[in-house]
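The lines below spell out each chain.
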Amino acid sequence: MKITFLGAAHQVTGSRTMVEWQENRYFLVDCGMEQGINELEQGEMPVPASRIEYVFLTHAHIDHSGLLPLLYRQGFRGTIYATAETMNLCSIMLADSAQIQETDAASETKKNQRKGMKAVEPLYTAEDAAETMKLFQPCAYGKAYMVDEGLTIRFTDAGHLLGSAFLEFFLEESGKQVKLVCSGDVGNTHQPIIRDPEPVAEADYVLIESTYGTRDHDRAVEPIPVLTEILRSTFSRGGSVIIPSFAVGRTQELLYFFREIKQRHLLPEYEQFPVYVDSPLANEATAVFLQCDTSCLDEDARAIMAEGENPIWFDGLRTTVSAEESKALNDNPECKVIIASGGMCEGGRIRHHLKHHLWNEKDTILFAGYQANGTLGRIIYDGAPEVKIFGEEIDVNAKVALLNGVSGHADRSGLLDWLKHFQKKPCRVFVNHGDDDYCTEFARTVGEQLHIPADAPYAGAEFDLLKGEWIRITGPVYRKGMTKKDEGPSSRNRKDTKEMVWQDLQTALENLNRHVRGLKGHSNDEIRKLTEAIIRLC
Ligand SMILES: [Zn+2]
């Protein structure tokens, strides 16, 4: 019985782990797509897709589900087990992802044709996505499903996204039993709409994410007052608030906040402000949220519904769909909120809105989520004075703000708390789904604080779950042209002017400043180490 670490190994996206639960019988836990710029090579699947019998899905986010249609295209015809809500979200998200693949391939093909080169095949098509959906088997929370001999699964609410689950595997080979728990993404407590993550009682092995494995959220920050203040100051300048948002999860959370602001009359001077959700996918996802099994919702959301209200709908909410309507928004001078798809500004309609608003000092670009290294969102957030969008240099004059206090992920304390809830201590913890150093650091924290052996395996590593020992230990393999920490503006292909290189230095300095501020309250050792490094550098 063997676990092989393939994706999200020392990086945040592309979750994919393979388990050989009996000899020559394989299943996958998640099958996600990588996003942003990643330094490390992830693992190739050691067996053909047709040999995978099952995929178990923790949740619908594309970095956990986005390669399912490719798996199908490569020959997978097994069953995909997920909660009903994950299945419903996947049906819109995979279709959307396929459309992006097809559009990108068509535009690359056009470029190639002009150079007399070959057509570009999409990674997968809408048809692959539709066929993939036929393989889903919806499951309920809390019920054990015997999937196959020696393979039973139970889904437990992970409190990260509607339908998200911790996967509890009860495995058996040659009369020996092993309980493996895969966290997927561990939810944050007190998120609106959905329930908090549930504890899991026992496990022999735990595979846990570490997105925030080295940091704690600022719990003192309440997002609604912060959001209200950002709206007030932007509207008083006559500007608009532009929010790049993930279509599924974060957008609905924002709608919940806007309903609260309106319902509680927190912004009486601008009571009628409109909120445009410019993302067909976000609007479809909102519909899935509205139709979900209400047992998936938290008490507050259910109480609002019991009063005949809708937790994510309000007067002034406009859902634009066509590309023309989307473009027309930018000619309309009213003060407004635009939530547009493209959480890290790498694609989606947000890029059009950024082009029309970034230069305007009256407007605010509000980030409401994690911006991965190398993404346009991160570059703007890190203070670049100008950015290139659709081949055009755009000055960044708008205010750039971050909505603190929202996160779908548990922080370091949350992850440790969740691990502490295991009544029977796991005999080993594997850490994935975190930036390179965060994985290692969180594994060390688990070892030191919980006294459980913990590792952060690199892609391709294999562990024998019956013998409890490593079969293959791997190290980092950097992608072509990349070295450790090769990130940020200078890694992009561009012709550097003296001004740009100088600006990179300024941005690096600001990053250092931010990093130093973030260290406040950390251990003396950590702070001293950095102080010494800065002194050496000087
Ligand atoms: Zn997620």
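Conventions we followed
- Chains are numbered independently. Their residues run from 1 in the order of the written sequence.
- Selection of residues for local features in this predicted model requires a pLDDT of at least 70, selection of side-chain atom pairs for listing and counting requires 80 or more, and totals for whole chains, interfaces and linings are taken over all residues.
- Only heavy atoms go into the side-chain values, all of them from the structure, while hydrogens and water stay out.
- Here the rule is simple: two strands pair whenever DSSP picks up at least two bridges between them.
- Under the scheme used here, helices are H or I runs from DSSP no shorter than 4 residues and strands are E runs no shorter than 2 residues, and both carry numbers assigned from the N terminus.
- Simply put, an axis is a line fit to the C-alpha atoms, just over the touching stretch for a helix, and the angle between two N-to-C directions goes from 0 to 180 degrees.
- Only heavy atoms enter the contact rule, under which two residues are in contact if any of them lie within 4.5 Å.
- Water is not among the atoms examined, so metal sites may look incomplete; donors are the N, O and S atoms within 2.8 Å of the metal, or within 3.2 Å for Na, K and Ca.
- Site shape is set this way: if four donors have all angles between 85 and 135 degrees, tetrahedral; if opposite donors are over 155 degrees apart and all others between 65 and 115, square planar for four donors and octahedral for six; otherwise irregular.
- Throughout, exposure labels follow a simple rule: accessible area from a 1.4 Å probe, protein chains only, divided by the maximum for the residue type, with under 20% read as buried, over 50% as exposed, and the rest as partly exposed.
- Any carboxyl oxygen of Asp or Glu within 4 Å of a side-chain nitrogen of Lys or Arg constitutes a salt bridge here.
- Nonpolar cores were defined as sets of buried Ala, Val, Leu, Ile, Met, Phe, Trp, Tyr and Cys residues, with membership established by side-chain atoms within 4.5 Å.
- Each Phe, Tyr or Trp ring (for Trp, its six-membered ring) is paired with any other whose centre lies within 6.5 Å, and the angle between the two planes then decides the class: stacked below 30 degrees, edge-to-face above 60, tilted in between.
- Scored from 0 to 100, pLDDT reflects the predictor's confidence in each residue.

Novice: Break down the sheet that holds strand β5 (residues 79-83) for me, citing the residues and quoting the values.
Specialist: Across the sheet, eight strands lie side by side as β6-β5-β4-β3-β2-β1-β22-β23; this open sheet has mixed pairing. Of all strands in the sheet, those bounded by a partner on one side alone are β6 (136-139) and β23 (469-472). Strand-to-strand twist in this sheet, taken as the mean axis angle between neighbours without regard to direction, amounts to 25°. Relative to strand β4 (residues 52-56), strand β3 (residues 25-31) runs parallel, the two sharing four bridges. Bridge pairing in β4 links Phe27 to Tyr54. Lying over the sheet, helix α3 (residues 84-114) contacts β5 and β6, oriented at roughly 110° with respect to β5.

Novice: Give a detailed account of the coordination of the zinc ion, specifying residues and quantitative values.
Specialist: Within the protein, the zinc ion binds to His59 (NE2), His61 (ND1), His160 (NE2) and Asp185 (OD); these donor distances fall in the range 2.2 to 2.3 Å. Here the zinc ion binds four donor atoms, and the angle range of 90 to 173° at the metal identifies the geometry as irregular. Along the chain, the residues donating to the zinc ion fall in the pattern H-x1-H-x98-H-x24-D. With His160 in the loop between β8 (151-157) and β9 (165-173) and Asp185 in the loop between β10 (176-182) and β11 (205-209), the pair connects residues that are 25 residues apart, well separated along the chain. Judged by relative accessible area, Asp185 falls into the buried class, the value being 2%.

Novice: Break down the sheet that holds strand β15 (residues 337-341) for me, citing the residues and quoting the values.
Specialist: With respect to topology, six strands assemble into an open sheet ordered β14-β13-β15-β12-β16-β19, the strand pairing being parallel. A strand with exactly one partner marks an edge of an open sheet, and here the two such strands are β14 (317-320) and β19 (399-402). Here the strands of the sheet are splayed against their neighbours by 20° on average, with no regard to which way each runs. In the sheet, strand β13 (residues 275-278) pairs with β14 via four bridges, with the strands oriented parallel. Bridge pairing links Val275 to Leu317 in β14.

Novice: Describe the pattern of salt bridges, and please don't skip the residues or the numbers.
Specialist: Following the criterion strictly, the structure yields 27 salt bridges and no others. When the shortest N-O distance is used, the salt bridge between Arg25 and Glu53 registers 2.6 Å. A residue pair is termed long-range when its members are at least 10 positions apart, and Arg25 in strand β3 and Glu53 in strand β4 qualify at 28 residues. Arg25 sits in the partly exposed class, given a relative accessible area of 22%. Among the ionic pairs, Glu34 bridges to Arg479, the shortest N-O distance being 3.0 Å. Residue Glu34 is found in the loop between β3 and β4, and its partner Arg479 is found in the loop between β23 and α14 (498-518); the two are separated by 445 residues along the sequence. On the basis of relative accessibility, which here comes to 31%, the residue Glu34 falls in the partly exposed class.

Novice: Describe the nonpolar core, with residues and values.
Specialist: Among the nonpolar cores identified, the biggest contains 76 residues, and Leu89, Phe258 and Val337 are the most heavily contacted of them. Ignoring sequence-local partners within four residues, the contact set of Leu89 consists of Ala60, Leu161, Leu162, Val248, Ala285, Val288 and Phe289. Counting residues in each nonpolar core, the second largest holds 29 residues, with Ile3, Phe5, Tyr205 and Phe430 among its members.

Novice: If you had to explain the environment of Gly239 to someone new, which residues and values would you point to?
Specialist: Turning to its location among the elements, Gly239 is positioned in the loop between α5 (223-236) and β12 (241-245). Gly239 sits 96 residues away from Cys335 along the chain, and the two C-alpha atoms are 5.5 Å apart. The contact partners of Gly239, leaving out residues within four places of it in the chain, are Thr234, Cys335, Lys336, Lys362 and Asp363.

Novice: Can you explain the side chain of Thr125? Please cite residues and give values.
Specialist: Tracing the backbone through its elements, the reader meets Thr125 in the loop between α3 and α4 (126-133). Ignoring sequence-local partners within four residues, the contact set of Thr125 consists of Arg73, Ala98 and Glu102.

Novice: Kindly report on the environment of Ile312, identifying the contributing residues and their values.
Specialist: Checked against the element boundaries, Ile312 lands in the loop between α8 (299-306) and β14. Under the relative-accessibility criterion, Ile312 is labelled buried at 3%. Discounting residues that sit within four places of it in the chain, Ile312 has contacts with Ile193, Gln252, Leu255, Tyr256, Arg259, Thr286, Phe289, Leu290 and Leu317.

Novice: Give a description of the packing of aromatic side chains that names residues and reports values.
Specialist: The final tally for this structure, using the stated rule, is 21 aromatic pairs. For the pair Phe235 and Tyr270, a centre-to-centre distance of 5.5 Å together with 70° between the ring planes defines the contact as edge-to-face. Here Tyr270 lies in the loop between α6 (250-263) and β13 and Phe235 lies in helix α5, a separation of 35 residues in the sequence. Under the relative-accessibility criterion, Phe235 is labelled buried at 4%. One aromatic cluster is present, formed by Trp21, Phe27, Tyr54, Phe56, Tyr81 and Phe169 through successive ring pairs.

Novice: Would you mind going over the confidence of the model for the chain in detail, with residue names and values included?
Specialist: In this model, the chain carries an average pLDDT of 91, and 95% of its residues clear a pLDDT of 70 or more. Segment residues 486-494: pLDDT under 50, and 18 contacts once partners within four positions in sequence are set aside and those in other chains are kept.

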